[in-house]
Every structure is written in C-alpha cells, then in structure tokens.
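# Coordinate analysis (summary)
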Amino acid sequence: MSKDIVRIGLCGLSFCSPNLGCSALAYAFRKLLIDIFKNDNVQLKIVVFSNVDSKDYVVASEKWVSEELIRYSFKKISSIKLAKAKIEECDVVFDFTEGDSFSDIYGLKRFALTSFFKFVTIKKDGCLVLGPQTYGPFKNKLVKKMAKWLISSADRVYARDKKSAKLVESITGIKAITTTDVAFALPKDQVQIDGCGRPSFGLNVSGLLWTGGYTESNQFGLSVNYREYIKRLIPEIIERGYNVHLIPHVVGDMYPECDSPICKELSEQYEHCILAPDFVSPMQAKGYISNMDVFSGARMHATIGAFSSGVVTLPFAYSPKFEGLYESIGYPYLIDGRKLSTDEAVGLTLKYLDETEKLREAQHQALDKASQNLGAFSADLRDWLNHSVLAIDND
C-alpha cells in the first residue's frame, strides 16, 4: 500500500541564505528528491525548516510538489514549538547541517544550534536521515560524544567523502554510505558576461578567511597568510593576461564574514578586475562562474559550481572538507592553506595556472566519478525510502 502524500522535512538546508553554498545544497537536493518521486503518483510535501529563508525562493514548478516554509528563531519559543510540531508530521527528516557544520570548527554555539532539530527528530522517534555532508573535526570531547550519539541514533547516514566516512566509523562503528556533494547536480542559469577580449579568471575571495574566522584568531590553523596570498595573486594573474572576476559566494553585508565587501574593495584597486554582482540564487552564480576560463576560491560550493561547469578549478582549502571531497573523486589539485607557506601557495596556484590542460583532463575524469556517486546515492535513497519508510508501490 502506498502513501498518497509524502511529507519530507529539510533541515540544515537554506534556499535563501546569503551563503549561496547552503542554497546550492538545498536546490540540488530538492531536484534529486523530485526526480526520485516523479513516477510514484504521490503528492510530495516538502517542509523547509530555516532561520534565514524568506518566501521569495524559487519554488518547484511541478504541480504534485508543494512546499511549506517553517521559519524559526531560537529567540522565539512559539516558533520553536511550531517547528517541533511540524517535524512530528513528517514521514522523514533530512538534515544536511549546511554541508560542513557537523563539527566544532565553527564554534560550539553553531554545533549546538545545528544539532537541535536532529535531537528533536530522534526524541520523537522520528525518521532522521543525515544527508551527504562532512563530519568533523571534533576537537572538543563533549562535542565528539554528542556527535557520536546523534550519528548513532540516525536511521540513515550518508557522507560526501571518504575521510568523513572513516571518521564516522571510527567514533560510532557505523559504516556511512559514501557519495559526493549533491551540489554537483545543481542546474545553472544562462548568464552573459563581457569578456573584454581577455581570458577570464574567476576568483572567489572568502570574507570569512579575510576577517579571520568566527571565533579565535586563525581558528582554521592556516599556515598561509590569506590576505597576503590574495594581494600577491591578483597582480600575477593580471600580468598573465587575464581579467580577474571577483565573485562573492556569501553575498551582501549582513555578516562580517560576507564576501561582497572585500570583493568590492579589491575590485577598485586593480585595473583589470571586474566585480561580479550579488547573485540572487546559486543557479545564477553558477551561470556566471561557468563563463570563466579558470576559477579559484575558498568557498567550496563556489568551486563545485565551477568544477561541475567544466571550468578549470583551483580550490583553496581551509578545512579538511576540501581534500576529503576532491580526493574522493580523484582530483588532487588543491592549494592547501593549512600546509603551505604563503610563498608556496602563490607559487602552486601559478603552477597550476600553467598546467590547465592537465587539470582539465583530470577534472573530466573526476566529474564522471562524481556523477556515478550521485547516481548511486539517488538509487540507494530511493530504495531505502520505498522499503523502510514510505512503502511506495512501483507497479
């Protein structure tokens, strides 16, 4: 017997976040869900739990898909009570923890807040699925203990890279299902740019790294002086004949760590720098980035947008999530800000810039691997939903 209405809750995914990486995960996963259910003759109700979204996001066009936004604030008890009640109505809750926040790398408060709805779902005996994400690092013993309980209590655990899967197994004994980042499936808008007769180098400058992080100084353990790296890199790229497009991926100025202000400031300092607009969606951002000849950035989903568009990509890694993700699909060409000196980081970036054809070939093979991983994830998720949660007939 199949369900007529399937209610799926989404936590740790934001459709209208100023962080377009979080939005990329949301839109891409929604697309995968719709593809999974499109032939099942059900009404799919997607309930989005968010503390940042507005109702202005691009809703699904399929008539059999409806969406409800539950906007909560931890400062308003009434909104938390409503959110808890709505979670109890869901057949299954997917939690992505914004892709990389299931960790204490961003501070203890953020870990606690992003764990709240996992805890609620588990305690009401709900069905919790941890979507493909990065797990760890867990430096704090209490955080590690809490993470172990949350992961062990979930009904299904997916990791987006092998390093995360190994960490999950080491602290829980659970073999997480390894896939890749769902943002590789994000569609893109068609966006035109003025090339001005020079090749285009897209550069995402992270306001987070520029300002030093959320908490204590150098919380990410960078060996590279990020500001110096950027200021030395831009003139070198221009000297090689490129226009440098400064592309924010955490847009606006709502938070100190937004990319837009520093991208604007840098664009005014160099002749061949072009400031990209503050995009309204990750699909628009990906469309702009797809016009680049080469792209480098410290916002991982900005690099995924470039990578999945076939643009030669040089990710600047500030946390283990980069190497975990890219090594899992066979792409080792990273600039590791935690291991290299500033001189080495600049030199390696320019070396890669001189080897674009080699990188392009490696990237082509890695994209095939990412596509295979996403296909396997969709198939596994569909099978699990059908047999373990929703009992959907496929006749």
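Described in the following lines is the structure provided in the data block. Computed from a predicted model, the values in this text were never measured in an experiment.

Rules of the game
- Residues numbered from 1 in each chain as written.
- Predicted model: local features only at pLDDT ≥ 70, side-chain atom pairs only at ≥ 80, totals over all residues.
- Heavy atoms only, no water.
- Phe/Tyr/Trp six-rings, centres within 6.5 Å; stacked < 30°, edge-to-face > 60°.
- Helix = DSSP H or I, 4+ residues; strand = E, 2+ residues; numbered from the N terminus.
- Buried < 20%, exposed > 50% of the residue type's maximum accessible area, 1.4 Å probe, protein only.
- Pairing = 2+ DSSP bridges.
- Contact = heavy atoms within 4.5 Å.
- Axes fitted to C-alpha atoms, helices over the stretch in contact; angles between N-to-C directions.
- Right-handed = clockwise from strand over helix to strand, strands pointing away.
- Salt bridge = Lys/Arg side-chain N within 4 Å of Asp/Glu carboxyl O.

### Topic: the packing of aromatic side chains
- Under the counting rule described, the total for this entry stands at 28 aromatic pairs.
- With centroids separated by 5.3 Å and ring planes inclined at 55°, the aromatic side chains of Phe307 and Tyr326 adopt a geometry described as tilted. Linking Phe307 in helix H10 (residues 300-307) with Tyr326 in helix H11 (residues 320-328), this pair joins segments that are 19 residues apart in sequence.
- The interplanar angle of 70° and the centroid separation of 5.3 Å between the aromatic rings of Tyr331 and Tyr333 together place this pair among those described as edge-to-face.

### Brief notes about unusual backbone geometry
- Of the consecutive residues Gly136 and Pro137, the connecting peptide bond is found in the cis state with omega at 0°.
- Structurally, the position occupied by Pro137 is in the loop between strand S5 (128-133) and helix H4 (141-153).
- Unusually for a residue other than glycine, Thr97 sits at a positive phi of about 50°.
- Relative to the helices and strands, Thr97 resides in the loop between strand S4 (92-95) and helix H3 (108-123).
- Under the relative-accessibility criterion, Thr97 is labelled buried at 1%.
- Residues other than glycine seldom take positive phi values, yet Glu98 does so here, at roughly 60°.
- Relative to the helices and strands, Glu98 is located in the loop between S4 and H3.

### Some thoughts on the sheet that holds strand S9 (residues 243-246)
- Spatially, the 6 strands line up as an open sheet ordered S10-S9-S8-S11-S12-S13, and their pairing is parallel. The two strands at the open ends of the sheet, each matched to only one other strand, are strand S10 (273-275) and strand S13 (335-336).
- Across the sheet, helix H7 (residues 226-239) touches strand S8 (200-204), S9, S10, strand S12 (312-317) and S13, and the angle it forms with S8 is around 170°.

### A few points about the pairing of strand S2 (residues 43-50)
- In terms of burial, S2 is largely enclosed, as 6 of its 8 residues are buried.
- By the bridge criterion, 6 bridges tie strand S1 (residues 5-11) to S2 in an arrangement that is parallel. From the neighbouring strand, Gly9 faces S2, where its bridge partner is Val47.
- Once you follow S1 into helix H1 (residues 20-37) and on to S2, the crossover reads as right-handed.
- Two strands pair when backbone bridges link them, and S2 and strand S3 (residues 65-71) are joined in this way by 7 bridges, in the parallel orientation. Along S3, the bridge assignment pairs Val48 with Leu69.

### With respect to the pattern of salt bridges
- According to the stated counting rule, one finds 24 salt bridges in the structure shown.
- In this structure, Arg232 engages Glu228 in a salt bridge whose closest nitrogen and oxygen atoms are separated by 3.2 Å. Highlighted residues: Arg232 and Glu228, both in helix H7, separated by 4 residues, approximately one helical turn.
- Put simply, Lys163, Glu323, Asp336, Arg338 and Lys339 are held in one network by salt bridges that share partners.

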